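Listed below, chain by chain, are the residues.
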Amino acid sequence: MDAPLHDWNLAPKEAVALQTVLAKRLETTDRIGPVHHVAGVDIGFEADGEITRAAVVVLKWQPDTTQHLAMVEQVVHREPTRMPYIPGLLSFREIPAALEAFTKLTITPELVMVDGQGIAHPRRLGVAAHLGLWLNLPTIGIAKSRLTGQHAEVGNTRGDWVPLTSGKDVIGAVLRSRANVKPVFVSPGHRLSLETSLDWVVRCLGRTKLPEPTRLADRLASRRDQKRPT
């Protein structure tokens, strides 16, 4: 991880202004080398939102095998939540814990998939984009719902997609990742084009609508991978 981008102790107005500045530093063209490991990131909350639970999973990319992705590492980091829920400022609430989770990894991924928005954000700095700047790694946002932008109807075949636009700008894609299931919203975070982001998301799809890295991170963040106490 490079030098810190900024302090986290910001008022909402300061955070909004900072988003506009940081968004200009994003790279939306490909700067990615060979990929050996793909990370998935998701954030959950405990104790009525008082504790942030960041989950990171790392999967080995093995394209020459039947099962392209194999889990090799997973970590969870918990810390007190730093900012209340404020629409558009989710990254300031979630990323501090995610960064601490990354420090616990023994394997550095070459690609990071985040459960959330990339540049498909009102100020073009969703959690995946913001995290990409902190990590200086290629990142992709895969969200379950639309935050901003407009799109046409997407086809119903797995792999069909339509552009997500804001004015004249294409800010992401609406992807039918599984037939007859609601689409996901894919947008570049940092150091990737939309085309490459879509390609990697499709490559990492399993039997569900989410790509395997974020599906597994979601399970870990929400503790669905663990038995509930009786």
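Keep in mind the model is a prediction, meaning the values are calculated, not measured.

The rules behind these values
Residues numbered from 1 in each chain as written. Predicted model: local features only at pLDDT ≥ 70, side-chain atom pairs only at ≥ 80, totals over all residues. Heavy atoms only, no water. Pairing = 2+ DSSP bridges. Helix = DSSP H or I, 4+ residues; strand = E, 2+ residues; numbered from the N terminus. Axes fitted to C-alpha atoms, helices over the stretch in contact; angles between N-to-C directions. Phe/Tyr/Trp six-rings, centres within 6.5 Å; stacked < 30°, edge-to-face > 60°. Buried < 20%, exposed > 50% of the residue type's maximum accessible area, 1.4 Å probe, protein only. Parallel < 35°, antiparallel > 145°, perpendicular 65-115°, else oblique. Left-handed = near helix turned anticlockwise from the far one by under 90°. Contact = heavy atoms within 4.5 Å. Nonpolar A, V, L, I, M, F, W, Y, C, P; charged D, E, K, R; others polar. Salt bridge = Lys/Arg side-chain N within 4 Å of Asp/Glu carboxyl O.

Novice: Explain the sheet that holds strand β5 (residues 139-143) to me, please; I cannot follow it from the model alone.
Specialist: Pairing between the strands of a sheet comes from backbone hydrogen bonds, and it takes one of two forms, parallel or antiparallel. The eight strands lie next to each other as β3-β2-β1-β4-β5-β8-β7-β6, forming an open sheet whose pairing is mixed. Both outer strands of the open sheet, β3 (69-80) and β6 (161-166), are each paired with one neighbouring strand and no more. In this sheet, neighbouring strand axes are inclined to one another by 25 degrees on average, regardless of whether the strands run parallel or antiparallel. In this sheet, strand β2 (residues 51-61) lies alongside strand β1 (residues 37-46) in antiparallel orientation, the contact comprising 10 bridges. By the bridge assignment for β2, glutamate 46 is matched with isoleucine 51.

Novice: Even after reading the chapter, I still don't get the packing of aromatic side chains, so can you show me in this structure?
Specialist: Aromatic ring pairs: the centre-centre distance and the angle between the two ring planes describe each pair. Evaluated as defined, the whole model comprises three aromatic pairs. For the ring pair tryptophan 8 and phenylalanine 92, a centre distance of 5.8 Å and an interplane angle of 75 degrees mean the geometry is edge-to-face. Taken together, the residues tryptophan 8 in the segment before α1 (12-23) and phenylalanine 92 in helix α2 (residues 90-103) connect sequence positions 84 residues apart. A relative accessible area of 14% means that tryptophan 8 is categorised as buried.

Novice: Quick question: what am I supposed to make of the packing of α2 against helix α3 (residues 127-135) here?
Specialist: Each pair of packed helices gets described by two things: the angle between the helix axes and the distance between those axes. Where α2 meets α3, the closest approach of the two axes is 10 Å, and the angle between their N-to-C directions is 40 degrees. It follows from the interaxial angle that α2 and α3 lie oblique. The way α2 lies across α3 gives a crossing that is right-handed. Between α2 and α3, the contacting residues are Ser91, Phe92, Glu94, Ile95, Ala98, Leu99 and Phe102 on the first element and Val127, His130, Leu131, Trp134 and Leu135 on the second. Broken down by class, the residue content of the contact of α2 with α3 amounts to nine nonpolar, two polar and one charged.

Novice: Mind showing me how you'd approach the pattern of salt bridges here?
Specialist: Side-chain pairing between opposite charges can occur once the charged atoms of the two side chains come close. The final tally for this structure, using the stated rule, is eight salt bridges. Glutamate 46 is the salt-bridge partner of arginine 78, the closest N and O atoms lying 3.0 Å from each other. Taken as a pair, arginine 78 in strand β3 and glutamate 46 in strand β1 lie far apart in primary sequence, 32 residues in all. The class of arginine 78 is partly exposed, set by a relative accessible area of 44%.

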